[in-house]
Structures are given as structure tokens and as C-alpha cells.
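# Structural overview for review
Below, each chain spelled out in residue letters.
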Amino acid sequence: MNFFRGVIGGQAAGPQPSGAETIQKLCDRVASSTLLEDRRDAVRALKSLSKKYRMEVGTQAMDHLINILQTDRSDSEILGYALDTLYNIICNDEEEEQDAVTPLPVSGKHKNVSVPDENAQKQADDLGALFTDKFIQDPEHVTLLLTLLEEFDFHVRWPGVKLLTALLKNQGVQLQGVILVSPMGVSRLMDLLADSREVIRNDGLLLLQQLTKGNAAIQKIVAFENAFERLLDIITEEGSSDGGIVVEDCLLLLLNLLKNNSSNQNFFKEGSYIQRMKPWFEVGDDNSGWSAQKVTNLHLMLQLVRVMVSPVNSPGATSSCQKSMYQCGLLQQLCTILMATGVPADILTETINTVSEVIRGSQVNQDYFASVNAPSNPPRPAIVVLLMSMVNERQPFVLRCAVLYCFQCFLYKNQKGQGEIVATLLPSTIDANSISAGQLLCGGLFSADSLSNWCAAVALAHALQDNLTQKEQLLRVQLATSLGKPPVSLLQQCTNILSQGSKVQTRVGLLMLLCTWISNCPIAVTHFLHNQENVPFLTAQISENLGEDERLVQGLCALLLGICIYYNDNSLENYTKEKLKQLIEKRIGKENFVEKLGFITKHELYSRAAQKPQPVFPSPEQMLFDHEFTKLVKELEGVITKAVHKSSEEEKKEEEVKKTLEQHDNIVTQYKELIREQDSQIQELKEQVASMTSQNEQKQATITQQLSQIQQHKDQYNILKLKLGKENQSQSNSQGDVSQVNGLQTEELIQLKEEVEELRKQHTLLQTQLDDKDALINTLRSEAAQTAEGSAGGSENTELLKELEALRSQVQSQSTEINQLQTEREELLRRAEAGSSDVVHSSDGSLDTAKMAELESRLAAQMTETERLKEETKSLSGSRADLEQQLASATSTVAILQTEKAKLQTEVQESKKEQDDLLMLLADQDQKIHSLKQKLKDLGETVEDEDDLDAREQTDDDEEEEEEEEDED
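Residues numbered from 1 in each chain as written. Predicted model: local features only at pLDDT ≥ 70, side-chain atom pairs only at ≥ 80, totals over all residues. Heavy atoms only, no water.

Turning next to the overall build of the protein. Counting its secondary structure elements, the protein contains 42 helices and 6 strands. Taking all 969 residues of the protein together, the buried fraction comes to 42%. The contacts in the protein between residues at least 6 apart in sequence include a share of 71% that link residues at least 24 apart. Working note: accessible area of the protein is about 52,000 Å², and carbon and sulfur atoms make up 50% of it. (Helix = DSSP H or I, 4+ residues; strand = E, 2+ residues; numbered from the N terminus. Buried < 20%, exposed > 50% of the residue type's maximum accessible area, 1.4 Å probe, protein only. Contact = heavy atoms within 4.5 Å. Areas by Shrake-Rupley, 256 points an atom, 1.4 Å probe, with all protein chains shown as cover.)

Laid out in C-alpha cells, this is it:
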């Protein structure tokens, strides 16, 4: 332990070893010590020496330190020392390299280390790259480091994060490849964002920044590991634009993930993360005193918006993001910042650039921007306020460039906006009480500031871009130059200023405006040539031998004159195509003209402007070319060169060939249209046949279904009928004689009731007769008594007694008969009552009233069910008749369809014959066209094939469809 005290702390007596020797002894101790404490102390000593003796420690101790990481995984303290030591020898950061006082015993005094100069810094960078290469030679070392990052211990995880960040800074590409193939490598690093310790989370952000640089595969993995959600949450927690350096790190990481990565951009949009960006741009009324960090954060946020709608992205993705930004209110929020007061100049400039790209090519967004007004009194359109800044020479150069870009984006593919701008220049719409966009552009066009001239000329050119109507409308604009002089046209005034020999920047801007104006507009060409001074001025400019600065002007003059030839309709006798070419040949020379024309594309600023739409120039003097104008030059340079070299005879032949080709093309087009119409008719008829066939199949299926339902109802009816018969039979078998009455029909019951009624009448009659007899007997008895008392004769009494006995026997017989009749009456009543019920008493034969009622209800229910089944059978028979009628109708329809199908097949055969004839005719015409094209090629002319023309037409059609879709959006 005395050795370590000598190295780390106090001084030891005797000669002290050199730094290299000390490091060697420490390395031996790390390699040979068996005690963990000894190895830990040795590694701690190496850490303290690693900044001062970076070369020695890195050369001698790296392998031992890596071995410590592999073998001493259980001790977090020694792991932390080893990781810190490796970080010190690999890291190249200046603040890490600077160490005011490094304790090392040298002659008993501490030695001060000065700040390294540039050479020392370069040597340090070389050392960092050298040690990084040594560390990542074995990919297992990187995998080991990723494994250590899973340790939650702060003293292991934090140094591991810093070490991996330093490795990525030194050898990012190689390390990205190793991490990409490592199992769960990126996922382990994403876990750092969820660490509750802010220092580890923040350094994890720096690590992910280095990891995602320039590697699309890792960017996708990080994005799909829910990086957007986590980063946006951190930004919100830290205070959005008012947050600190952590917000800046999150924004830088988001830019890495989204820039030039269409997959991540689509994922960001589909995840509705654009909507979460809106609160970032909420600013208050008081915008003074913004901190530098807030300016940086807001600048990065605006860049993030621009990444999503950059012109280099695919048109579909850009349009979708623009739509989302408008719908969620993000564009409205940006326009609020645009019109706010007190916003720093660089933020205002970047906001203008951002709004420009959000509205570029989006009709809805452009219309909204046109409706935005500045908070002034009276309110003015935002476009007017921005143009006032553009033509104001006291405004910063970058701000004026941003306004020009915003105006260009507002007019990009926006014919409505172009018309509104040009309308502010027309005499009928000029309002003397207010400042319009057209007045500002004219003021800038003719001001003394050359930069204002250039910006106004380019802005006005964009109002005419690909819009023939506005080019013709602009010819109506008249300018009052001075009092007492007649007004001159805007076209004439531009040429007048051009001829006065102003600054190069002004002339370049005016020439670009004139070239854009008269290109593809024969009427504008005629107006330009109508001024007798224009052509001589152009020829004089082209033919002179001027310096390097004037070469660009000469090239643009040659382009303007070439446009006058190419788009000339020969309406002016003095300046026909042929006469202009003769003038070029005599005054300039064709070869010299073509050479001067080539000066444009050879200019160094031309290629820079052609790269991207945004005008970005290091200084105002280099602001010469516009992006859209470079496209026009590329399109016209070749055709103008051919037009100048062609002779009159060649032109006549070419015109004849063109006319012939046009005629043939017209014929072919007519036949194509005819074939298309026939194809469409055939297709419609096929669709009708298919529709009718499907309808027929549906009706057949319906008929089949209904027939099956009828059969089911029949089966159910038969089953019910059989069941009813079985129930009647079982009742008759179980109830014996009494059940015979149950089988009686209604007519028999009525007959029985009539018989019972007759018997009742007979009973009543007999009862009356019996009463009469009883009265007679009583009378006779009283008379007999009186006779006996009166002692009448014996013979007479005897006769009376005999008569009395006869009467008694007669009464007795009648009583017997009455009893017999009463018995029969009761029997008939019992039988009649039993006929209306199904049950009799089993024991004594007396009737049960409750069961009789139940049986009567059952009989009534069976009768009702029978009636219902009869009615249902009748309805099913009717449905069957209807279905049979529908089947007959469908069968007739099928017959008609088959007849029509046969006719259509006949028509198709006839159409095919006509098409074969047309194809024969087209083949003959193609042969003639081919021979004519061959003649043209023999004459040295370049002839476009029909495939090229079709491809161009298809491209034009696709562009029109895209414009229509964007208009619909």
C-alpha cells in the first residue's frame, strides 16, 4: 500500500519513477493481484493518471481495463474506475483534455499542464481515434459495454454512457454497424431515456444523437422503440421552448430521426405527433427579452416543422403533412408569430421560411395565408407587409431573402394567387388609398437599390410562371413615368431601364423577368419585337466583347433573343423567324451566339441556384439566379440552339413533316377515340349482361327457396293431420262405449236434443193425464163414501167397486209406464250430456262437469287448428301460384337476355373485324410515318418517337391529376 500512497498522495523518499514506469507497475499490479482491493486501488491510480499520461495509459492499460470489465462484474466500484479510465483515454473533448493541475510526483513538485494548442488538439484527436479503433477491433468489447449499461448502479451506468458516446464520436460508422447487429443493442440504449436520474437521461440523449447520425436503419429502430413519444414528453416536462439545454438535445435527436427519412416522417405524421407541436409556438403579447436558449430551442422547433414539409420530400408526403398542419392549427400559430411584435430577427426569418414551405404547393394553405392580416390600423394583408420588408433596403439581407422565398412559395402552382397579384397592377383595380402588392413590386423594380430591383423582378416573374393568361394580362399594365409624358407599358419600361446600363444585378433580374414573361407567349413576343429599339440593343449586347462580369448579361440577352425566334408567330414582317436568324448570322454569328448562350449554365452561381428552391446566398452581390429560372434555361437552351442553326428550307420541310405528322396523329387519335368508345360500349354491355345474369341467379335462388318453404309447410300440415287422427283414435280406444258418443258429429247431437225435447213433451202430457186420473179417483172415492152412507143397493155397489178396481189397475199401469219413460228420459239426457264431453265417471257413471268443459275446449281447439291449417294451405297454394308466375317471368327474361347476349357477341365480332381493318390502316400509316421520320433523320433532324410523345402526354396527365388532387385537398 505504500506504493499507492506514493503514486496518489504524499511524496516518498528517494528517486521517483517516471510516469511510464509507474503506469507499467500499476498495470502489473492489476494483472497479477489476487485481492480485489489491490486491483481496485491500481485501477483508481490509473484513472488519476489517464489524463496526464493518456498515451501511456492507453497503450499499456487498455487490455487490462477491458479484462477488469469482463472478470470483476460483481464489484461496481472497480467497474466505474475502469470505465472512467477508458473514457479519459478515448475522449477528445477540449474541456476533458484541459486539466489545470494533475497530481504526479515529479521532483517533489506539482506540475501545471497548459491548455493544448491546435497541434496538441490534433494529436489528441488522433489518439482518440487510435484507441477507439483498438477498442472496437473486437466487437465483443462493444457488446460487453452494452451489457454493462443494463446495470442500474450509477457508478457503472453513467461512465458507460459517456464512454459509448465518445466511441461514437470518434468512429461512428464502425460502431453503428456493431450496435446494429448486436441483439437488443438499440433497445438497451433506448432504456436510458426512462432512467429517473436526469444526468443519465441527458447523457443518453447525447448518446442517441451520435448513434442516429447518418444511419437510416438505426433511425427507424429508434423511432419504432417509441422514441417520438418519449422525446415529446421530455420536451413538455422541461417547459417546451422555455426549457433548457435538455430540450435542445431532444430537438436535435428528433431532427436526426426525421431528416431525409421518409419512413420516420410518415410514422411521425400517422402517430398524430404533428398536433403535439402546436403548443410549442404559443407566444404572448410581450416578446421582449428572450433568452439565448429559448431562441435556440424555437429555431430548432421551426427546423423540425420544415423537415416535415421540405420540398425535397415526396410530393404526397409533403402534401399530407401540410394538410395536417393546417387542420391542427399549426399554420395559424406560425402566422401569429409572423405578425407578432418583438420577435427576434433570426426567429422571424426562420418563421417566414417555415411558413413558406408549409404553404408551398398547397392551395388550401395558400388561400389561408392570403387571408391573414397584420395587426395594423387599418389592417393590411400579411403579403403586403412582407413585400414592404423585401423592397426596404434597410432590412437585413437574410430577412429579405426569406420574404422572397415566402412570396415564391405562395405563388407556386397557385394560379388563383398569381391572378390576384397581377390584378393589383391592372388599371381597373388600382386603389389610390391603399398600398397593394403590385405597387410594391413596381416600386422595387424601379428603385435605386439593385437588390430590390432583383427581388421585385424575380417575384413578378413567379406571378407569371406557367400562366399564359397572366402573361397576356400584364401586357395591359401602363406606367406614368413623369408629368406631361404619355404612359408607357411595363414591358417597355423594363427594356428602357435595361438599355440605360444599370448594375449587373438589376439587369440580370430584368432579363430573367423578360425571358419568363415572353416564353411560350407569342403575343408577348410580338409586343416585345414591336419596339424597334429592342432587337438592335440585344444584338449589340451579344456581339460586344466585354469583361467577365458582363458575360452573364450577354448570355441572358442571347436567351431573350432566342426566345423571340422560337416563339415567334411571324406576325411582324420585319422580325420573322427567318429575318431574325439572318440578323444573328450577320451581326453575331451562329457559333458566337451559341457560345454566349452557354455562358449562363457555365456560371458558378447557376448550379448553386439549381439545387434547391430556397434562395440562400452568402452575400447580396451573389444573388443572381432564381431556382425556377434555371429550369427554364435548361428547357430552352437546346431548342433555341437547334432553332438558330436550322435553315429556311429545313424549317419548311420540318413544318410540312410536322403538318403531315399532325394529320396522321389526328387520324390516329380519332381512331383511338373510336376504339376507346367501342371498348367502353362493349364494357358497358358486358356489365349489363353480368348484372342481368346476377339478377336472374338471385331470382332463381329466391324461387328455389320459396319452393322449399312450401314443401316444408306441406310436410308440417301432413304431420299435424296424422297427429290429429292418432289422438282421435287413442281417445276412442280408451273410453269404450261412452267414447262412441264423442265420435258423434254435430248433426247427431242436434237429433238427440230433438228426441229429448219430444220425450219431455210426452212426459208433460202423461203427467197431466196422471193428475186428471188422480182427481177422478178422489171424486169416485168421495161418491162411494156417500153411497155407502145412504145404504144404496148391493148390486149397484158391486158394480162401482169393480169399476174402481179397474181404474186402480189402469192407474198402476200408467204409473209404471211413466216411470219407464222417466228412466228413458234420464238415460237420453245422460247420453246427450256425455256427447258434449269426453269423460264419464268410472265408478258410478255420474258426469264430471270440469272434465267435460276441458274436453269441450280441446275439441274446439282442434277444430280451430283444422280451420287454420286449411286457411294456411289456401295461402301457400296462392304463393305457389305467384312463384310459378315469377318463375315463368324470369324464364322469359333469361331468354331475352340470351338473345341480347347473342346480339352483343355478334356486335363484338363485327367490332373486332373493324378493329382489324383499323389496325391494318394504322400499320400502313405507321409505315408512312416511319419513312417520313427516316427522311427527317437523313436530313439531320432529331425526330421524337411516338413513345416519347405518349410518355410526355402521360407525364402531363399525371401532373394535372396531382394538381386536381391538391386542389381537392
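What follows deals with the state of the cysteines. Here, the word disulfide means a covalent bond between the sulfur atoms of two cysteines. According to the stated counting rule, one finds 0 disulfides in the structure shown. Distance from the sulfur of Cys 409, which forms no disulfide, to the nearest cysteine sulfur (Cys 406) is 6.9 Å. Of the residues examined, Cys 409 reaches a relative accessible area of 1% and is grouped as buried. (Disulfide = S-S within 2.5 Å.)

Following both chains from N to C, one finds helix H14 (residues 245-258) and helix H16 (residues 292-308) inclined at 15 degrees, their axes separated by 9 Å at the closest point. With respect to H16, the axis of H14 lies roughly parallel. The hand of the H14/H16 crossing is left-handed. Facing Ile 245, Val 247, Glu 248, Leu 251, Leu 252, Leu 254, Leu 255 and Leu 258 of H14, the residues of H16 in contact are Gln 293, Thr 296, Asn 297, Leu 300, Met 301, Gln 303, Leu 304, Val 307 and Met 308. For the contact of H14 with H16, the residue count by class is 12 nonpolar, 4 polar and 1 charged. (Axes fitted to C-alpha atoms, helices over the stretch in contact; angles between N-to-C directions. Parallel < 35°, antiparallel > 145°, perpendicular 65-115°, else oblique. Left-handed = near helix turned anticlockwise from the far one by under 90°. Nonpolar A, V, L, I, M, F, W, Y, C, P; charged D, E, K, R; others polar.)

Applying the stated criterion to the full structure yields 12 aromatic pairs. Where Phe 224 meets Phe 267, the ring centres are 4.6 Å apart and the plane angle is 35 degrees; that geometry is what we call tilted. Taken together, the residues Phe 224 in helix H13 (residues 216-237) and Phe 267 in helix H15 (residues 262-270) connect sequence positions 43 residues apart. On the accessibility criterion, Phe 267 (26% relative accessible area) is partly exposed. Taking the centre distance of 6.2 Å and the plane angle of 85 degrees together, the rings of Trp 454 and Phe 617 count as edge-to-face. With a gap of 163 residues between them, Trp 454 in helix H25 (residues 450-464) and Phe 617 in the loop between helix H35 (604-609) and helix H36 (627-645) connect regions that are remote in the sequence. A residue is classified by how much of its surface remains accessible, and Trp 454, at 0% relative accessible area, is buried. Pairwise contacts between aromatic rings join Phe 224, Phe 228, Phe 267, Phe 268 and Tyr 273 into one cluster. Over the ring of Trp 158 we find Lys 162, and its NZ or CZ is 4.0 Å from the ring centre. (Phe/Tyr/Trp six-rings, centres within 6.5 Å; stacked < 30°, edge-to-face > 60°. Lys NZ or Arg CZ within 6 Å of the ring centre and 35° of its normal.)

This part takes up H14. Its 14 residues give H14 an end-to-end C-alpha distance of 20 Å, which sits within 8% of 20 Å, the value for a rise of 1.5 Å per residue. For H14, the set of buried residues is Val 246, Val 247, Glu 248, Asp 249, Cys 250, Leu 251, Leu 253, Leu 254, Leu 255, Leu 257 and Leu 258. Where H14 is buried, its residues meet helix H12 (198-211), H13, H15 and H16. Just past H14, the residue Asn 260 takes up positive phi, approximately 60 degrees. (Expected span 1.5 Å × (residues − 1).)

With that settled, the discussion passes to helix H20 (residues 363-371). Listed as buried for H20 are Gln 363, Asn 365, Gln 366 and Phe 369. Down the axis of H20, the sector holding all buried residues measures 160 degrees, keeping them to one side. (Arc of directions from axis to C-beta.)

To continue, consider a negative patch on the surface. A cluster of acidic residues, Glu 907, Glu 910, Glu 914, Asp 916 and Asp 917, forms a negative patch on the protein surface. Within the secondary structure, Glu 914 is located in helix H41 (residues 849-938). Assessed through its relative accessible area of 42%, Glu 914 is described here as partly exposed. (Patch = residues over 30% accessible without salt bridge, like charges linked within 9 Å, V, L, I, M, F, W, Y side chains within 5 Å. Salt bridge = Lys/Arg side-chain N within 4 Å of Asp/Glu carboxyl O. Lys, Arg positive; Asp, Glu negative; His and termini not counted. Charge placed at Lys NZ, Arg CZ, Asp CG, Glu CD.)

Further remarks concern the pattern of salt bridges. One pass over the structure, following the stated rule, counts 21 salt bridges. Residues Glu 77 and Arg 44 are paired through a salt bridge, measuring 3.7 Å at the closest nitrogen-oxygen approach. Of this pair, Glu 77 sits in helix H5 (residues 76-90) while Arg 44 sits in helix H3 (residues 36-49), placing them 33 residues apart in sequence. Among the salt bridges present, the one from Glu 229 reaches Arg 276, with a minimum N-O distance of 3.1 Å.

Its place among the elements puts Thr 630 in helix H36. Polar side-chain contacts of Thr 630 include one of 2.3 Å to the backbone oxygen of His 627. Thr 630 has contacts with Tyr 606, Ala 609, Ala 610 and Phe 625, leaving out every residue within four places of it along the chain. (Polar contact = N/O pair within 3.5 Å; in protein donor to acceptor, adjacent residues only side chain to side chain.)

The subject of this paragraph is the confidence of the model for the protein. The share of residues in the protein with pLDDT of 70 or more is 77%, and the mean pLDDT across the chain is 81. Across residues 95-116 the pLDDT falls below 50, and counting only partners more than four positions away or on other chains, this stretch makes 31 contacts in the model. Note on residues 835-848: pLDDT is under 50 here. Beyond four places in sequence and across chains, it has 26 contacts. (pLDDT = per-residue confidence, 0-100.)

In this section: a nonpolar patch on the surface. On the surface, a cluster of nonpolar side chains totalling about 250 Å² of accessible area is made up of Leu 180, Val 181 and Ile 221. The topology assignment puts Ile 221 in helix H13. The exposure class assigned to Ile 221 is partly exposed, which follows from its relative accessible area of 34%.

Moving on, we come to the environment of Val 307. Relative to the helices and strands, Val 307 resides in helix H16. Of the residues examined, Val 307 reaches a relative accessible area of 10% and is grouped as buried. For the pair Val 307 and Asn 261, spaced 46 residues apart in sequence, the C-alpha separation works out to 9.6 Å.

Let us now look at the packing of helix H30 (residues 534-543) against helix H32 (residues 577-588). Relative orientation of the contacting elements H30 and H32 amounts to 35 degrees, with a least axis distance of 10 Å. Regarding H30 and H32, the two cross each other, and that crossing is right-handed. Counted together, Val 535, Thr 539, Ile 542 and Ser 543 of H30 and Leu 580, Leu 583, Arg 587 and Ile 588 of H32 form the full contact between these two elements.

If you trace the backbone, Ala 166 turns up in helix H9 (residues 154-170). The sequence separation of Ala 166 and Tyr 87 amounts to 79 residues, and the corresponding C-alpha distance is 7.1 Å. Once residues lying within four places of it in the same chain are set aside, the contact partners of Ala 166 are Tyr 87, Ile 90 and Cys 91.

On the secondary structure map, Cys 455 appears in helix H25. By relative accessible area, Cys 455 is classed as buried at 1%. Put simply, Cys 455 and Cys 401 are 54 residues apart on the chain and 8.2 Å apart in space, counted from C-alpha to C-alpha. Those residues in contact with Cys 455 that lie beyond four places of it in its chain are Met 390, Leu 404 and Met 623.

Quick look at unusual backbone geometry now. The phi dihedral of Met 184 falls on the positive side, at around 60 degrees, and the residue is not glycine. Relative to the assigned elements, Met 184 resides in the loop between helix H10 (172-181) and helix H11 (185-190). On the basis of relative accessibility, which here comes to 56%, the residue Met 184 falls in the exposed class. Look at Asn 570: it is not a glycine, yet its phi comes out positive at around 60 degrees. You can see Asn 570 is positioned in the loop between helix H31 (548-566) and H32. What makes Asn 570 partly exposed here is its relative accessible area of 40%.

Of note, Asp 72 is situated in the loop between helix H4 (54-71) and H5. Judged by its relative accessible area of 7%, Asp 72 falls in the buried class. If we ignore the near neighbours within four places in the chain, the residues touching Asp 72 are Leu 36, Arg 39, Ile 78 and Leu 79.

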